[in-house]
There are 2 protein chains.
Amino acid sequence: VIDTRRSALIAIDWGTTSARAYRIDAAGGVIAARSVPLGIQNVQDSAFVGALDTLLDDWRTDAAPRIACGMIGSRQGWIEAPYVACPADLAGLGGVLTRTPGGELAIVPGARCLDPAGVPDVMRGEETQLAGALAPGDGRVLAVLPGTHSKWALVERGRLIEFATFMTGELYAVLLAHSILGRMADRSASTNAAGGYAFARGVARGLAGDGLAHVIFGARTLALAGELAPADVGDWLSGVLLGHEIDAARAWAKQRGDNAKRVRVIGGDTLVARYAGALAQAGIDAELGPADAAARGLFRIAQHADLIL
Amino acid sequence: VIDTRRSALIAIDWGTTSARAYRIDAAGGVIAARSVPLGIQNVQDSAFVGALDTLLDDWRTDAAPRIACGMIGSRQGWIEAPYVACPADLAGLGGVLTRTPGGELAIVPGARCLDPAGVPDVMRGEETQLAGALAPGDGRVLAVLPGTHSKWALVERGRLIEFATFMTGELYAVLLAHSILGRMADRSASTNAAGGYAFARGVARGLAGDGLAHVIFGARTLALAGELAPADVGDWLSGVLLGHEIDAARAWAKQRGDNAKRVRVIGGDTLVARYAGALAQAGIDAELGPADAAARGLFRIAQHADLIL
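Residues numbered from 1 in each chain as written. Chains lettered and ligands numbered in written order. Predicted model: local features only at pLDDT ≥ 70, side-chain atom pairs only at ≥ 80, totals over all residues. Heavy atoms only, no water.

(A) Examining unusual backbone geometry more closely. All names here are of chain A. Following Gly289, the chain continues into Pro290 via a peptide bond in cis, with omega recorded as 5°. For Arg157, which is not glycine, the phi torsion reads 45° and is therefore positive. For Arg157, the location among the structural elements is in the loop between strand E12 (150–156) and strand E13 (159–166). Judged by relative accessible area, Arg157 falls into the exposed class, the value being 60%. Although it is not a glycine, Ala260 adopts a positive phi angle of roughly 55°. For Ala260, the location among the structural elements is in the loop between helix H7 (233–255) and strand E14 (262–265). (Helix = DSSP H or I, 4+ residues; strand = E, 2+ residues; numbered from the N terminus. Buried < 20%, exposed > 50% of the residue type's maximum accessible area, 1.4 Å probe, protein only.)

Have a look at this one:
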């Protein structure tokens, strides 16, 4: 099938480990997508011009304007796109794009907020997913974007009010690979996407709200006692960390006047199934999607910036 | 000074990374101590007979009985000394020693407990330190033994009621070495033993009781914002983890009927100064010591086992 629609925008979600590009038509529809493993940590000597050529390949001659979000705008990326402070109008991020020196890309800023104790939090890329997933008409929404660093955000009529990062995915990877908890785990064991019974047991344990530095030790003691098979240690730990995240994020949302009865889960990977299961265990209604939030968000921001051809 | 007192016991605290031996007289006084880096993870091919010879050196000809505690009694050690279930009489551990096959050592069992949810916890070595630090006349005591895996324990008239492990020290090491939090840290910077201002700020943050997987991310965001110098990132993170531990352990003790107004800090290393500072911030009175709790405990347990010459 050859799609002959003309592209109105080339939109790039350029993160730490990979870069994904979309050709988008004037109505916001995705014509085609491609990705390369050239995330910013895999680009040597700041060779971003070449990396962009590799990503775009035969799209290089496409005259459509180009917009990007994610770590490409960080200090370690192509050019730093300074953070916008919360509360921030999400579509309005189009008013503060940063151009690469050669004009190759317009880059969406990340977002920054301060918690009541004055400690900052930051995101890059998730603000664009939020812009794509939520419309001003959605009213007040509590959202989670699962990932290595998952983000919980409060959005009110298209404005990002505040957010909080949880290092859930990175903790999982680091603890299994480098702590005593990984010693009794069979990490080659295949796990089902939803996690199964060991995952659900872990979620219940994490939701109980006991100190995380204590609770995770159960990955060792349950295995020592023969109550957790080596193939299940990873799923149990994943459940504990997710239960902890949901318990703490719910408290975080309640402190900010949200009853946390319902949450929008934004993301496209297998983590979403685990979040849906864990949220159900916590008695929280989960609404899923959309999966292509980044492409939608880049389109919406580009529209606001009058970039669309 | 040559000490001519006759030894009544050779007591060995044999852990994961090192082994420490004491010659003890009939009154329980330590005549001499020595240590070697031959913890069980550094003994190749289960060559424990040779490792013991290296540790004892010219004490090998000493006819005094020998007792040991710690990871040497684990499944990965010389011979497994099965766990004793809580509640456990600490001095009474002398009644259930396990002999090495050649009769070289009598090994103290570790302790095991179950929390109300049925999840086990374990210790090896700390039960002996508790036996040395606390006497039946001490009544009810809440104790903490700082370390890679710190242990909080409730002891009542010489009986270990229940305990909880916190992976504080290991989390600190693993996060700095292997997570994004270590990237902005200057780990070569010397820190004072008590931790200084960055540590105290971290403790306050950890004591606030927010979700640990969120709070630790501040080690990155505060550094990004220039509010935490690279040399202070480690101290701040150490404070957060210790504050989290104290907050969660206090809740744990309260659930078990202890008001957690006072805690005995048992240990001999530099961590004790940090715990004392963090406990003061939490409004908890800290009683310190003794530093030689393992030697005292081994002596007391050996007495109970009628091992003393």
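Structure shown, so let's carry the discussion forward.
(B) Looking closely at helix H9 (residues 293–304) of chain B. Residues and elements named next belong to chain B. If you check H9, its first and last C-alpha atoms are 16 Å apart, about what 12 residues at 1.5 Å a residue would give, namely 16 Å. Within the span of H9, buried status applies to Ala293, Ala294, Ala295, Gly297, Leu298, Phe299, Ile301 and Ala302. Its buried side turned inward, H9 meets strand E1 (9–14), strand E2 (19–24), strand E3 (30–36), strand E4 (66–69) and helix H2 (126–133). (Expected span 1.5 Å × (residues − 1). Contact = heavy atoms within 4.5 Å.)

(C) View of the state of the cysteines. Counted under the stated rule, the structure contains 0 disulfides over all chains. Cys113(B) provides the cysteine sulfur closest to Cys86(B), a residue in no disulfide bond, and the two sulfurs are 5.0 Å apart. (Disulfide = S-S within 2.5 Å.)

(D) The sheet that holds strand E9 (residues 111–114) of chain A, seen in detail. Residue and element names in this part refer to chain A. Reading across the sheet, the 3 strands line up as E5-E9-E10 and stay open at both edges, with mixed pairing between neighbours. Looking at which strands have only one partner, the edges of the open sheet turn out to be strand E5 (84–85) and strand E10 (120–123). Note: E5 against E9, 2 bridges, orientation parallel. The partner of Ala85 across the bridge, within E9, is Arg112. (Pairing = 2+ DSSP bridges.)

(E) Highlighting the environment of Leu279(B). Residue and element names in this part refer to chain B. Within the secondary structure, Leu279 is located in helix H8 (residues 271–281). Given a relative accessible area of 0%, Leu279 falls into the buried group. Expressed as a C-alpha distance, the spacing of Leu279 and Val265, which sit 14 residues apart in the sequence, is 9.8 Å. Filtering out sequence-adjacent residues up to four positions away, Leu279 remains in contact with Trp152, Ile246, Val263, Val265, Ile284 and Ala286.

(F) Structural view of the sheet that holds strand E14 (residues 262–265) of chain B. Residue and element names in this part refer to chain B. In spatial order, the strands read E6-E13-E12-E11-E14-E15; together these 6 strands make up an open sheet with mixed pairing. In this open sheet, the two strands that pair with only one neighbour each are strand E6 (88–89) and strand E15 (285–288). Running at roughly 130° to strand E11 (residues 140–145), H2 makes contact with E11, strand E12 (150–156), strand E13 (159–166) and E14 of the sheet. (Axes fitted to C-alpha atoms, helices over the stretch in contact; angles between N-to-C directions.)

(G) Local environment of the interface of chain A and chain B. Opposite the 44 residues of chain A that make contact, chain B presents 44 residues. Where chain A abuts chain B, roughly 3,500 Å² becomes buried across the two surfaces, and 65% of that area is made up of carbon and sulfur atoms. In terms of surface lost to chain B, no three residues of chain A exceed Met167(A), Ala213(A) and Phe217(A), which account for 16% of the buried area on that side. The interface formed by chain A and chain B contains 2 salt bridges. (Buried area = accessible area lost by both parts, 1.4 Å probe. Salt bridge = Lys/Arg side-chain N within 4 Å of Asp/Glu carboxyl O.)

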